[in-house]
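# Residue-level structure breakdown
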Amino acid sequence: MQVVVVAVVAEKNNILASLTAAALALPSMVSKVNAGTPISQPTTNFQYSHYTEGDERINVDIYQGNVVVPIEQNAEFSLDWVVDTFSGATPVLNLPVAIASSTTGASGIDTIDNSQIVLDNQEVIQVMTGASTFERRYGVDLGFSYFLDDLTLKFVTAYSKEPDYLSKAYKLGLAWDFNQKLTTLSLGFGQVFDQIRPSTRMIQENKISHQVKFGLSQILSKQSLINFSADYMYDTGYLSNPYKKVFIQTATPVQNLINAGMPNVFYDQRPEVRHQGAIAIAYVHYIAPLDAALHVDYRYFRDSWNIDSHTFEAVWHQPISENWMLIPRLRYYSQSSAQFYKTYFTQTRSEPYYSSDHRLSAFGVLSGGLKLTTETTNVNAWTNKIKFEVGLEYAQQASKLTLGKTSDSAITDFNYLLITTAIKIEF
Amino acid sequence: MRLYPIIILMLSIVNIACTPKVAAWERGILAKPHMLLQSNSLENSVRQHMHSSKEASAGGRNAGGGGCGCG
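Since the model is a prediction, treat every value here as computed from it, not as a measurement.

What counts as what
- Residues numbered from 1 in each chain as written.
- Chains lettered and ligands numbered in written order.
- Predicted model: local features only at pLDDT ≥ 70, side-chain atom pairs only at ≥ 80, totals over all residues.
- Heavy atoms only, no water.
- Helix = DSSP H or I, 4+ residues; strand = E, 2+ residues; numbered from the N terminus.
- Buried < 20%, exposed > 50% of the residue type's maximum accessible area, 1.4 Å probe, protein only.
- Areas by Shrake-Rupley, 256 points an atom, 1.4 Å probe, with all protein chains shown as cover.
- Contact = heavy atoms within 4.5 Å.
- Pairing = 2+ DSSP bridges.
- pLDDT = per-residue confidence, 0-100.
- Patch = residues over 30% accessible without salt bridge, like charges linked within 9 Å, V, L, I, M, F, W, Y side chains within 5 Å.
- Salt bridge = Lys/Arg side-chain N within 4 Å of Asp/Glu carboxyl O.
- Core = buried A, V, L, I, M, F, W, Y, C linked by side-chain atoms within 4.5 Å.
- Phe/Tyr/Trp six-rings, centres within 6.5 Å; stacked < 30°, edge-to-face > 60°.
- Lys NZ or Arg CZ within 6 Å of the ring centre and 35° of its normal.

What chain B contains, in helices and strands, is two helices and zero strands. Within chain B, the fraction of its 71 residues that count as buried is 54%. On chain B, roughly 3,300 Å² of surface is accessible, and the fraction owed to carbon and sulfur atoms is 66%.

So this is what it looks like as structure tokens:
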């Protein structure tokens with residue numbers, strides 16, 4: 001299938017940022033519930049990351065920082081912040097080229113030719129938002145941890161704001177060391193409340209995400225440990241992407257769908273409930289002759305939209321001198337498509353759910369990265385340690401990389417690069 | 001419920017794992033920074049952000065600490 005990319009008249013594009021605001025909040029909420037002891041001195045981190053996709057199609061600059069301050073002997077307070085700026089264009093619609101090309105002018109696609117009959121697996125045009133979109137997001141997390149002898153309690157609250165998306169969240173976590181501190185059991189519960197006001201549509205929608213997490217880490221020997229985790233997530237409310245559109249070949253209006261300005265083009269519509277589950281295993285092993293550590297992770301994910309995925313990741317931590325470390329990583333990810341996803345629809349479905357959002361398609365991602373870190377200790381009277389990091393990660397996302405067979409279009413294929421630099425200071 | 005076999009498997013592994021005891025003074029290697037399950041929270045956060053914005057999956061990140069009990 002040949003892929004043609006067409007830039008269409010500028011349309012406000014918040015796709016990446018708006019869809020991921022809640023997703024961003026969730027990982028930060030479930031990050032670490034470490035049983036252990038509080039830090040004794042304040043620490044602070046700052047990180048700058050640059051994400052670029054395809055031929056500079058999307059650029060994101062991410063500035064992050066955090067401060068952790070001990071409170072007396074058995075508690076600590078943390079503040080995390082993030083500012084990211086997004087610019088570029090993303091796909092909003094796939095159109096069979098046979099019906100779009102005849103009306104494509106210099107300013108983009110104005111309408112479609114309904115006299116043609118569309119069949120499956122035809123050549124497709126990917127309609128993009130304009131390339132001049134610019135958007136900024138602000139986020140802050142506040143955390144409080146309380147340490148008892150074998151127990152750590154943590155509370156985190158998070159807030160994230162951008163022009164069309166507001167997200168508020170909280171999380172409670174508990175971690176318990178037992179079995180002479182060879183075993184750590186952790187439990188977490190969190191909720192995220194999102195408000196979506198797309199800039200191109202007169203709608204205001206809400207979404208609530210609930211998450212329950214169970215984790216178990218176990219020391220296996222003097223040089224190996226293992227971690228299991230299980231997550232259950234329940235999302236309810238507006239789970240569609242307000243900017244994405246679908247083409248549906250139909251002679252009559254489609255029930256419950258909203259027309260998106262052109263004949264047979266409608267806004268993306270997904271179920272208002274989504275159940276998600278994930279189980280993961282992580283293994284860490286020390287390789288004595290090289291003073292290195294190997295981290296191996298696997299995750300299986302499944303949801304009620306019929307998506308399942310497998311993620312494999314391996315990271316090697318190799319000290320190369322007293323204060324320098326080299327960290328290569330490899331990751332492979334593969335997902336199946338949602339039951340209501342198609343590149344475009346040649347007929348209506350029995351359920352009123354349709355999406356051509358490529359995130360719901362079947363694809364695989366292969367990525368590799370390299371990071372270099374160095375640290376200096378006893379820097380001066382008030383600084384105990386300074387650590388610098390620089391890393392890059394390159395990924396290829398393609399339908400042909402899917403585990404097993406897929407008939408989904410290669411139109412979603414792209415590459416991306418992530419560059420990070422970070423500094424950590426311990427006082 | 002599909003989670004029950006997984007939980008039983010986890011508890012079985014823990015039971016087996018608990019047999020070889022590793023005393024507190026034998027956990028020096030486990031306390032090394034590169035043995036931590038998550039070594040840089042900001043980097044993890046940006047990577048998870050990137051993956052969740054491009055992929056349809058969520059969850060599965062490590063919930064527990066290294067559990068080395070070194071502190």
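Next comes the rest of the description.
Before going further, it helps to spend a moment on the overall build of chain A. Looking only at helices and strands, chain A has two helices and 23 strands in total. The contacts of chain A with a sequence gap of at least 6 include a subset with a gap of at least 24, amounting to 64%. Carbon together with sulfur atoms contributes 59% to the accessible area of chain A, which is approximately 18,200 Å² in total.

Here the focus is the environment of S399 of chain A. Here S399 of chain A shows up in the loop between β22 (383-398) and β23 (414-426). Measuring from C-alpha to C-alpha, the distance between S399 of chain A and S409 of chain A comes to 6.8 Å, with ten residues separating the pair along the chain.

So, about the pairing of strand β10 (residues 151-162) of chain A. Residues and elements named next belong to chain A. Pairing analysis gives ten bridges linking strand β9 (residues 133-147) to β10, with the strands arranged antiparallel. Counterpart to Y138 in the pairing with β10 is K161. Hairpin geometry of β9 and β10 is characterised by an intervening segment of three residues between the two adjacent antiparallel strands. Direction of pairing for β10 relative to strand β11 (residues 165-178): antiparallel, over a ladder of twelve bridges. Residue K154 lies in a different strand from β11, and its bridge partner there is G173. As consecutive antiparallel partners, β10 and β11 are separated by two residues.

Fine structural detail should not be taken from predicted coordinates in areas where pLDDT scores are low. Of all residues in chain B, 59% attain a pLDDT of 70 or more, and the chain-wide mean is 71. In this model, residues 62-71 of chain B is a region of pLDDT below 50 whose contacts with residues beyond four sequence positions or in other chains number 42 contacts.

Considering the arrangement of structural elements, one finds S209 of chain A in strand β13 (residues 205-221). In sequence terms S209 of chain A and V273 of chain A are 64 residues apart; their C-alpha atoms lie 9.8 Å from each other.

Okay, a nonpolar patch on the surface next. Residues and elements named next belong to chain A. On the surface, V67, V69, I71, F77, L142, F144, Y146, L148, L153, L174, W176 and L187 cluster together into a nonpolar patch covering about 910 Å² of accessible area. Mapped onto the nonpolar patch, the elements with two or more residues apiece are β3 (58-71), β9 and β11. Inspection of the secondary structure puts L142 in strand β9.

All names here are of chain A. Counting 18 residues, the largest nonpolar core has L93, L95, I99, I112, V127, F247 and V265 as the members making the most contacts within it. Secondary structure elements with two or more residues in this core: β5 (91-96), α2 (97-100), β8 (124-128) and β16 (265-267). Ignoring sequence-local partners within four residues, the contact set of V265 consists of L93, L95, I112, K245, V246, F247, I258, N259 and A260. I58, I62, F86 and Y333 belong to the second-largest nonpolar core, a separate cluster that totals 15 residues.

This part covers the environment of V69 of chain A. Residues and elements named next belong to chain A. Topologically, V69 is positioned in strand β3. A relative accessible area of 31% means that V69 is categorised as partly exposed. A sequence separation of 29 residues divides V69 from S40, and the C-alpha atoms of the two residues are 8.4 Å apart. Contacts of V69, omitting those with residues within four sequence positions, involve I39, A75, E76 and F77.

Its location among the elements puts S78 of chain A in strand β4 (residues 75-88). If near-sequence neighbours (up to four positions away) are discounted, S78 of chain A is found in contact with V67, V68, D141, L142 and G143 of chain A.

This brings us to the pattern of salt bridges. One pass over the full model with this rule turns up 25 salt bridges over all chains. For E389 of chain A, the salt bridge identified is with K371 of chain A, shortest N-O distance 3.5 Å. In this pair, E389 of chain A sits in strand β22 while K371 of chain A sits in strand β21 (residues 363-380), placing the two residues 18 residues apart along the sequence. Its relative accessible area of 7% is what places K371 of chain A among the buried residues. Several salt bridges share partner residues, and in doing so they unite E313, R329, K371, K387, E389 and E393 of chain A together with E43 and R47 of chain B into one network.

Glancing now at the pairing of strand β14 (residues 224-237) of chain A. Residues and elements named next belong to chain A. Counting buried positions along β14 yields ten of 14 residues, so the element is predominantly enclosed. Bridging between β13 and β14 involves 14 bridges; their strand directions are antiparallel. When the bridges of β14 are listed, K207 appears paired with G237. Where β14 and strand β17 (residues 273-287) come together, 13 bridges link them in antiparallel fashion. Bridge pairing links Y232 to G277 in β17.

All names here are of chain A. The phi dihedral of N179 falls on the positive side, at around 55°, and the residue is not glycine. Of note, the phi angle at N306 is positive, near 75°, even though the residue is not glycine. Mapping N306 onto the fold places it in the loop between β18 (292-303) and β19 (308-319). We classify N306 as partly exposed; its relative accessible area is 38%.

Turning next to the packing of aromatic side chains. Residue and element names in this part refer to chain A. Within this structure, the stated rule accounts for 13 aromatic pairs over all chains. On the numbers, 5.2 Å between centres and 70° between planes, the contact of W305 with F340 is edge-to-face. Of this pair, W305 sits in the loop between β18 and β19 while F340 sits in the loop between β20 (324-335) and β21; the two residues are 35 residues apart in sequence, bridging distant segments of the chain. Take W305 and F340: they sit in the same class, and that class is buried. An aromatic cluster is defined as three or more aromatic residues linked by ring pairs; in this entry it consists of Y51, F414 and Y416. Above the face of the F414 ring, R57 is positioned so that its terminal group lies 5.8 Å from the ring centre. Looking at R274, its charged tip hangs above the ring of W305, at a distance of 4.4 Å from the centre.

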